[in-house]
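An overview of the molecular structure
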Amino acid sequence: LIMISMGKEPVPVTVISFLGQTKEEAEKNATDLGLVVKGFSYAESHEEVGTVIEQSLAPYEDAMTGTEITFVISSGPPATSVTKRYPLPFWQNEEVHVRIEFDGEEVYNELVSTMLGYVEQTYTGKGSGHRAKVYYNDALTYDEEINFK
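Residues numbered from 1 in each chain as written. Predicted model: local features only at pLDDT ≥ 70, side-chain atom pairs only at ≥ 80, totals over all residues. Heavy atoms only, no water.

1. Points about the sheet that holds strand β5 (residues 68-74)
Taken in spatial order, the three strands line up as β2-β5-β3 in an open sheet, and their pairing is mixed. Taken across any chain shown, the strands that pair with only one partner, and hence form the sheet edges, are β2 (36-43) and β3 (52-55). Shown here is a sheet whose adjacent strand axes are inclined to one another by a mean of 30°, direction ignored. The sheet contact formed by β3 and β5 spans three bridges and is antiparallel. Looking at the pairing, Val52 lines up with Ile73 of β5. Along the sheet, helix α1 (residues 23-33) makes contact with β2, β3 and β5, crossing β2 at roughly 155°. (Pairing = 2+ DSSP bridges. Helix = DSSP H or I, 4+ residues; strand = E, 2+ residues; numbered from the N terminus. Axes fitted to C-alpha atoms, helices over the stretch in contact; angles between N-to-C directions. Contact = heavy atoms within 4.5 Å.)

What follows is the structure, encoded as structure tokens:
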């Protein structure tokens, strides 16, 4: 008589809550429980970046070892926008070359009539410590930190 093993028989396990765990913790804990981690996706959330915000199997539900589970990981809060106004120098009936850089990238480059009074720029991003530099006729005129909520 020859017996061929088909591997371990599935056994029932109670799914735990992985919410708030890091991606690595959730993967290890799910594997230790006998679940098969099928994958991860990411979604914007106000929960800490890199932590589990959703799981495909409900916490405290019974499942069999070998059951697949997926996780949704927080990518942080959504990007927000900040609009800034920069007063233009007043030279009657003249134009000024305005160039704006945001985090080193040029986001505005126009010849503008000083009669407009100001230039407005909207910045979009996440977090703090971003830099906006505004040049009038190639002279650095404004240099400010931009922070997003």
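This is not the end of the story, as more comes after the structure.
2. Here's the deal with the pairing of strand β10 (residues 130-136)
Most of β10 sits out of view: five of its seven residues are buried. By the bridge criterion, five bridges tie strand β7 (residues 95-102) to β10 in an arrangement that is antiparallel. Looking at the pairing, Phe102 lines up with Ala132 of β10. Here β10 pairs with strand β11 (residues 139-146) via seven bridges, running antiparallel. The residue of β11 that forms the bridge with His130 is Ile146. Linking β10 to β11, which pair antiparallel, is a turn of two residues; within it Asn137 sits at a positive phi near 50°. (Buried < 20%, exposed > 50% of the residue type's maximum accessible area, 1.4 Å probe, protein only.)

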